[in-house]
Amino acid sequence: MVTINKTISYIYNPDNQSKEQLINNFVVRVDLFKRIFTEIKTTKSNFPEQHYIIEGKRGMGKTTMLLRLSYEIENDPDLNAWLIPLVFNEEEYSINTLFKFWERVAVLLEENDADFIGLLGEMNKLYENCAERDIYEEDVFKLLIKRLRHHDKKILLFIDNFGDIFNKFKPREVQRLREVLQSNNDIGIVAGSSIILEAFHDMKHPFYEFFKIYRLRGLDRKETEDLLLKLDEGNSEGTIKFIIENYGGRVEALRRLTGGVIRTVVLLFEIFSDDKNGDTFKDLETLLDRVTPLYKHRMDELSSAQQEIVETLALGWDGMTVKEIARKTKEESKVISAQLGQLVKNEIVTKIETHTKNHIYQIDERFFNIWYLMRHGKKGDVNKVKWLVRFLEEWCDEKDIIAKSQRIIKALKLGEYDHTAAAYWIQALAETKYLPAVEKEELTNASVHFFEEGKAIYSPTLPHSEHVIYESILLVLLSERHFDYLYNYFTSEQGQQFYLKDHFKPIWYALMYYMRDQYPNEYLKMGEELRVTVEEIIAKVAQMSIEYAVSENKAQFL
Amino acid sequence: MKNIVGKPVSGENFFPRNTVIEKIYRKLAGGDNLFMAAPRRVGKTSIMYWLRDNPKKGYVFIYVNTEAVNSIEDFFKKLFDELLESDALKGLIKASEKSKSVFEMVTKHLKNIKIYGVEVAFNEEEKTGKYSHEFKRLMERLDTEGVHIVLMIDEFPSTIENIKKLKGDAEAIHFLQLNRELRQISSSSIQFIYTGSIGLPIVVSRIGVPSAINDLNTVEVPPLSNEEGKMLASALLNSNEIPFADNTIPYLLEKVKWLMPFFIQLAVQELIDEYDNTKREIDIAAIDRAFNKICNRRNNIFLESYHTRLQDAFTNGDYQLALSFLEKIAAENSIPVANLFQNTKDENTKKQYRSILRTLEFDGYIFNSNENYSFNSPILQQWWKLYMR
């Protein structure tokens, strides 16, 4: 059993970790860290020789890299004698002018070095005597430089989401900043920047050309192994070590599945390892909520044709060829190709070249794909957890899947498992090709029991997300032909108390369709407005039955 | 020597440009004020830093960046500020009573002048002067005790553009005339060097006063020679401990073609990344991969700046035309001048086209050879072809 340390929230918010924790957990991208640090360390007389941008998709480790560098400077006696690292908050909403930027630097200096206490107060006094803001900005900057030189210190500013701050500046302020970045010898910047659309807009600022860019690419296999070993530290069973030594292909498969993005690797590892209470899915939901504004903005920026292609690829999860996309979207291949060209250029989509002219396309940022499935996958559709299914199929063999299923069943029986997580696991495990029929039956029964006991929160005003979960469970039960059980549950005292027929009317009528021989009049009571929805459910259940039957057949031969 | 990409360099990171440096000193010795003519990214600011940090005996170079300045008074105030900050002037004032009294005379009329390390007495009531006027007086009367003081004004064309945008053409013309006057009345031991990332002659001719700078002697800063390019590339790779095969440097330079230090540095940076990923000696294949990455990356900040800079250099209509010219030239590799003019009939349009093409030439995007335009840099051309459509 692996101990969970809330790693998801820590990785997403690295400054939740203490300095020692972050340094101790910093096991990948070490070469890059050393390269940048060496460059910084050897620059006293020419400081700042270079400003830096650490560029990479979300979850690649930019913030962690910035913090790691700042901590190393603090710890280095040669550097900390003359260089002060100042780390900005991830969000700096109050900085909307250049002078406020310098004031913020002053605040950080006061917090970090007692020699600078009172600096902000002096700046405020200047403002009282100042006629114009432009002059005030120059004055506070000069004061800042004067104080730095007086103490023989220089500063290195670590600024994440760099563009967010400077996008608010007026053109003249941008020019002023450019002037400072070009010619001042007391201030250096190490900035973090995400690529793709949000950073593209930032490129209108001319001072970006002063920066050396280091791109965080996806982890390679060795780095993925190192990361997983670190996550598995403290596990006396040495599970990861065993996997690496005996099933090295799995690590590579995980790496490819996640694009080598640290956060996604950690996420999948933690979700899989969590047998206790399913809390990691809560963390996932929190994470998804947090990225929703950004990812929604990303989608909004695309043309409608591109949005459709992105949706098709996202819901598919696995890569698709142009022909497959064209078939799904009912659009001509050449139109699809043209749009894909743009999407590849803007790094929304990745092109995986094959030996034929039919290349494969998939969503570039895998966590964006997970977000899309979880937030836009159809109700009750197993697509929502397709990413988890793929992970399970890559990471596990039949033995592992059965073992995982058993652990989930145990947790369900104890009634301690988060119902959201339970629904996701039930769907994903049932969908994998490795779960034999017997185990699938046992899992379904356990979920029924879990559901029956009402361990999940249920009320007449069921929140949308929970409605979706229960709906998916009901569909699984329909596909498994638990008709009598479902009828009894809908019509039970509890079912009436919770208005099940009202909340899940289309499913009730789908059930009545299947039971029309026993209850011929019930199905006829269905209103015409429900017909299409009910027919869709029936088709969906039929499909699920076929897929489960195929899985069962395959499982027999495993 | 470190591979400093993008930012002007100084100290041991500066690749010696002895020919250009000597040319500058020769012209200064002849009493000239200079204009450093070169496209973007050639290293003009780095050359200025070198002069500032390693002056020959008898010379003091003071660097001033006026990019953010947008008024005449602010410009001269900035010059005052930089002068006052300079150790050379502080030394002069301390050593010479005559210099000190000149300084007192001009600064007593000025508000908001802050002086570090120089004690002068001010009379608050007398502070009604203008910086432009007082600076001229200072330049006229300052005795430099035989030392040549050279004011190097970077981003001067941007200042003209800023003033023009804010206050109109008349003010910009007045600004240019003031500077010309300044150069004429300054003591013979005070000289000026101007440069900028936008072409000064183009900016000035757009306002219609090319005569405002006809007293300036031009110093051209060419690309590196092949030998210099080889030395720079080798020095950068060696200092980063990147092993490379013998035939790779000539191949690298062939691909860069236009041997501006920046493009060599950009290529070397990709090779450093390549080595960090593969831990293998750099060979021809690695160079091909590196170039592929540079040219085929949409979010290439450095190359993107060539695009965004066009918006500084041109107004809306001209900007669109400039984009369309570059698109055509990128697509065709080389395009006859006549083809670009084939749809024009009237003289005004032709004049407009010629002005745009001259700016693009001056700023280093394209060059004209035998009445055909081509991109200077194959890297920039390839990127433009892919992303600027």
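Each value, and the rule that gives it
Residues numbered from 1 in each chain as written. Chains lettered and ligands numbered in written order. Predicted model: local features only at pLDDT ≥ 70, side-chain atom pairs only at ≥ 80, totals over all residues. Heavy atoms only, no water. Helix = DSSP H or I, 4+ residues; strand = E, 2+ residues; numbered from the N terminus. Buried < 20%, exposed > 50% of the residue type's maximum accessible area, 1.4 Å probe, protein only. Contact = heavy atoms within 4.5 Å. Areas by Shrake-Rupley, 256 points an atom, 1.4 Å probe, with all protein chains shown as cover. Pairing = 2+ DSSP bridges. Axes fitted to C-alpha atoms, helices over the stretch in contact; angles between N-to-C directions. Salt bridge = Lys/Arg side-chain N within 4 Å of Asp/Glu carboxyl O. Core = buried A, V, L, I, M, F, W, Y, C linked by side-chain atoms within 4.5 Å. pLDDT = per-residue confidence, 0-100. Phe/Tyr/Trp six-rings, centres within 6.5 Å; stacked < 30°, edge-to-face > 60°. Lys NZ or Arg CZ within 6 Å of the ring centre and 35° of its normal. Parallel < 35°, antiparallel > 145°, perpendicular 65-115°, else oblique. Nonpolar A, V, L, I, M, F, W, Y, C, P; charged D, E, K, R; others polar.

### With respect to the overall build of chain B
Counting its regular elements, chain B contains 18 helices and eight strands. Every one of the 389 residues in chain B was classed for burial, and the buried ones make up 58%. Pairs at least 24 apart in sequence give 75% of the contacts found in chain B among residues at least 6 apart. When the accessible surface of chain B is summed, it comes to about 15800 Å², and 47% of that surface belongs to carbon and sulfur atoms.

### Digging into the sheet that holds strand β4 (residues 190–195) of chain B
All names here are of chain B. One open sheet accounts for five strands, arranged β2-β3-β4-β1-β5; its pairing is parallel. Bordering the open sheet on either side are β2 (59–65) and β5 (216–220), each of which pairs with just one other strand. Neighbouring strand axes in the sheet, compared pairwise and without regard to direction, differ in orientation by 25° on average. Here strand β1 (residues 33–37) runs beside β4; their pairing, made up of two bridges, is parallel. In the strand pairing of β4, L34 is matched with I193.

### Side note on the pattern of salt bridges
This structure, assessed with the given rule, holds 52 salt bridges over all chains. A:R298 serves as the salt-bridge partner of A:E365, at 3.0 Å between the closest nitrogen and oxygen. Here the residue A:E365 occupies a position in the loop between β7 (360–363) and α20 (366–376), and A:R298 occupies one in helix α16 (residues 279–300), the gap between them amounting to 67 residues. Just as A:E365 is buried, A:R298 falls in that class too. A salt bridge links B:R183 to B:D215, with the nearest nitrogen and oxygen atoms 2.6 Å apart. Here B:R183 is found in helix α8 (residues 169–185), whereas its partner B:D215 is found in the loop between α9 (200–207) and β5, with 32 residues between them in sequence. One network of salt bridges, with partners in common, ties together A:E137, A:R176, A:E179 and B:K78.

### Observations concerning the nonpolar core
Ranked by internal contacts, the top residues of the largest apolar core, which has 171 residues, are A:F101, A:W102 and B:W384. Not counting chain neighbours up to four residues away, the residues in contact with A:W102 comprise A:M123, A:E137, A:V140, A:F141, A:L144, A:L177, A:V180 and A:I187. Counting residues in hydrophobic clusters, the runner-up holds 78 residues, among them A:V265, A:M299, A:L302 and A:L429.

### Some words on the confidence of the model for chain B
Residue and element names in this part refer to chain B. Here chain B averages 85 in pLDDT, while 90% of its residues score no lower than 70. Here residues 114–126 is a poorly scored stretch, pLDDT under 50, and it has 23 contacts once near neighbours within four places are set aside; other chains count. Interface confidence in the predicted complex, given as ipTM, is 0.76; pTM for the same model is 0.75.

### Here we look at the packing of aromatic side chains
Under the definition given, this model contains 44 aromatic pairs over all chains. With a centroid separation of 5.4 Å and 90° between ring planes, the pair formed by B:Y306 and B:Y365 is classed as edge-to-face. Within this pair, whereas B:Y306 is found in helix α14 (residues 301–313), its partner B:Y365 is found in the loop between α17 (347–362) and β7 (366–369), the two being separated by 59 residues in sequence. A relative accessible area of 0% means that B:Y306 is categorised as buried. Three or more aromatic residues joined by ring pairs make a cluster, and in this case those are B:F75, B:F76, B:F80, B:Y131, B:F135, B:F156, B:F175, B:F192 and B:Y194. Sitting over the face of the ring of A:W425, A:K404 holds its NZ or CZ atom 4.5 Å from the ring centroid. Seen from the ring of B:Y25, B:K56 lies directly overhead, with NZ or CZ sitting 4.4 Å from the centre.

### Comments concerning the pairing of β7(B)
All names here are of chain B. Sheet topology note: the β7/strand β8 (residues 372–375) ladder contains four bridges and is antiparallel. The residue bridging S369 from the neighbouring strand is N372, located in β8. Linkage of β7 to β8, two consecutive antiparallel strands, is achieved through a turn of two residues, within which N370 is found at a positive phi near 50°.

### Looking at the packing of helix α15 (residues 262–273) of chain A against helix α21 (residues 386–395) of chain A
Residues and elements named next belong to chain A. Taken N-terminus to C-terminus, the directions of α15 and α21 make an angle of 80°; their axes are 11 Å apart at the nearest point. One finds that α15 runs roughly perpendicular with respect to α21. Residues L268, I271 and F272 of α15 lie in contact with α21, whose contacting residues are W387, L388, F391, L392 and W395. A per-class count over the contact of α15 with α21 returns eight nonpolar, no polar and no charged.

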